[in-house]
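Results of the structural survey
Spelled out, the chains give:
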Amino acid sequence: MAGTIETLAAKLAEDTLKAMDATGDERLYMEIGTQLAASSQSLEEAFLTEVRVRLAERGARRVLMRRVAELKAKAKDSE
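Described below are features of the structure shown in this document. (Residues numbered from 1 in each chain as written. Predicted model: local features only at pLDDT ≥ 70, side-chain atom pairs only at ≥ 80, totals over all residues. Heavy atoms only, no water.)

1. Description of the side chain of Glu44
Going by this rule: In this description a helix means any DSSP run of H or I spanning at least four residues, a strand means any run of E spanning at least two, and both kinds are numbered starting from the N terminus. Residue contacts follow a heavy-atom distance rule, with two residues in contact if any of their heavy atoms lie within 4.5 Å.
The residue Glu44 is located in helix H3 (residues 41-78) in this model. Dropping the residues within four chain positions of it, Glu44 is found in contact with Gly33, Leu36 and Ala37.

What follows is the structure, encoded as structure tokens:
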């Protein structure tokens, strides 16, 4: 059962983030989480964890990409 919950949560998180990107609704995942809470606390928790992990990775990746661009610009200016 745990594998099913994790699989469903991951797919739903992926689809929700795509919908958030398409619509600009940054809080859509909260609405989906509330819907899940009404019927399955286990799936809600797994879903919210999946979303938070993905959002954290996105934020970290933006910082990394910005930092790499800054370092490349600095190196180019030093030439």
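More follows now that the structure is in view.
2. Section: the pattern of salt bridges
Put simply, the rule is: Counted as salt bridges are all cases of a side-chain nitrogen of Lys or Arg within 4 Å of a carboxyl oxygen of Asp or Glu. Exposure is judged per residue with a 1.4 Å probe applied to protein chains only, and the accessible area is read against the type maximum: over 50% gives exposed, under 20% gives buried, and values in between give partly exposed.
Scanning the entire structure with this criterion turns up 6 salt bridges. Residue Arg54 is joined to Glu50 by a salt bridge in which the shortest nitrogen-to-oxygen separation is 2.3 Å. Of this pair, Arg54 and Glu50 both sit in helix H3, separated by 4 residues, roughly a single helical turn. Since its relative accessible area comes to 23%, Glu50 is described here as partly exposed. A salt bridge links Arg61 to Glu57, with the shortest nitrogen-to-oxygen separation between them at 2.6 Å. With Arg61 and Glu57 both in helix H3 and 4 residues apart, the pair spans about one turn of that helix.

3. Points about H3
Put simply, the rule reads: To estimate the expected span of a helix, count its residues, drop one, and scale the result by 1.5 Å.
Relative to the 56 Å expected for 38 residues at 1.5 Å per residue, H3 spans 55 Å between its end C-alpha atoms, a close match to the ideal helical length. Burial in H3 covers these residues: Leu43, Glu44, Ala46, Phe47, Leu48 and Val51. Buried residues in H3 make contact with helix H1 (2-23) and helix H2 (28-37).

4. As for the packing of H2 against H3
Angle between the axes and distance between the axes are the two parameters that describe a pair of packed helices. The cut-off we apply is this: To get an axis, a line is fitted to the C-alpha atoms, and for a helix only the part in contact is used. The angle between two axes follows their N-to-C directions and goes from 0 to 180 degrees. Relative orientations are named as follows: roughly parallel for angles under 35 degrees, roughly antiparallel for angles over 145 degrees, roughly perpendicular for angles from 65 to 115 degrees, and oblique for any other angle. Here a crossing is called left-handed whenever its near helix is offset anticlockwise from the far helix by less than a right angle, and right-handed whenever the offset is clockwise. Each residue is assigned to one of three groups, with Ala, Val, Leu, Ile, Met, Phe, Trp, Tyr, Cys and Pro labelled nonpolar, Asp, Glu, Lys and Arg labelled charged, and all others, Gly among them, labelled polar.
Running from N to C, H2 and H3 point in directions that differ by 160°, and their axes come no closer than 8 Å. Classified by the angle their axes make, H2 and H3 are roughly antiparallel. Judged by the sense of rotation from one axis to the other, the crossing of H2 with H3 is right-handed. Touching Tyr29, Ile32, Gly33, Leu36 and Ala37 of H2 are Gln41, Leu43, Glu44, Phe47, Leu48, Val51 and Leu55, all from H3. Considered class by class, the residues forming the contact of H2 with H3 number 9 nonpolar, 2 polar and 1 charged.

5. Quick word on the environment of Thr23
Selection criterion: We call two N or O atoms a polar contact when they sit within 3.5 Å, provided that within protein one can donate a hydrogen and the other can accept it, with sequence-adjacent residues counted only if both atoms are side-chain atoms.
Along the polypeptide, Thr23 turns up in helix H1. Using a relative accessible area of 55% as the deciding quantity, one classes Thr23 as exposed. Of the polar contacts made by the side chain of Thr23, one reaches the backbone oxygen of Ala19; its length is 2.8 Å.

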